[in-house]
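Remarks on the overall topology
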Amino acid sequence: MTVATVIITDMPDNQFTIEGTLDRPEALNEPPTPAIIISTYLSSHIKEISDNAMAWYNQMGVVE
């Protein structure tokens, strides 16, 4: 079993960092599993995904 972890950390001024880890980095040299396939897709599209998420939130408006 392979575990892929994504960590999103809030930073000042509405910025953030995104990092990912695999519990077994050698899994990249083995036949692909869903964890590898999905985490690879996320990492290769992370800019678009995060931009879309922020745009979606901003479009909703903030209710206080």
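Below is a short write-up of the structure.

The rules behind these values
Residues numbered from 1 in each chain as written. Predicted model: local features only at pLDDT ≥ 70, side-chain atom pairs only at ≥ 80, totals over all residues. Heavy atoms only, no water. Helix = DSSP H or I, 4+ residues; strand = E, 2+ residues; numbered from the N terminus. Buried < 20%, exposed > 50% of the residue type's maximum accessible area, 1.4 Å probe, protein only. Polar contact = N/O pair within 3.5 Å; in protein donor to acceptor, adjacent residues only side chain to side chain. Contact = heavy atoms within 4.5 Å. Expected span 1.5 Å × (residues − 1).

1. A closer look at the side chain of Ser 50
Assignment of secondary structure puts Ser 50 in helix 2 (residues 46–60). Looking at Ser 50, the relative accessible area reads 13%, which means it is buried. A polar contact is formed between the side chain of Ser 50 and the backbone oxygen of Ile 46, at a distance of 2.9 Å. Ser 50 has contacts with Phe 16 and Ile 18, leaving out every residue within four places of it along the chain.

2. A word on helix 2
Along its 15 residues, helix 2 runs 21 Å from first to last C-alpha, staying within 8% of the 21 Å computed at 1.5 Å per residue. Among the residues trailing helix 2, Gly 61 stands out with phi positive, at a value near 80°.

3. What about unusual backbone geometry?
Non-glycine residue Asp 13 carries a positive phi angle of around 60°. Mapped onto the secondary structure, Asp 13 falls in the loop between strand 1 (4–11) and strand 2 (15–22). Among the residues examined, Asp 13 registers a relative accessible area of 72% and is labelled exposed.

4. Observations regarding the side chain of Ser 39
Inspection of the secondary structure puts Ser 39 in helix 1 (residues 34–44). Overall, Ser 39 belongs to the buried group, its relative accessible area being 18%. A distance of 3.2 Å separates the side chain of Ser 39 from the backbone oxygen of Ile 36, its partner in a polar contact. In contact with Ser 39, other than residues within four places in its own chain, are Ala 4 and Leu 22.

5. Considerations on the environment of Thr 9
Relative to the assigned elements, Thr 9 resides in strand 1. Taking C-alpha positions, Thr 9 is 8.6 Å from Glu 19, a pair spaced 10 residues apart along the chain. Aside from chain neighbours lying at most four places away, what touches Thr 9 is Gln 15, Phe 16 and Thr 17.

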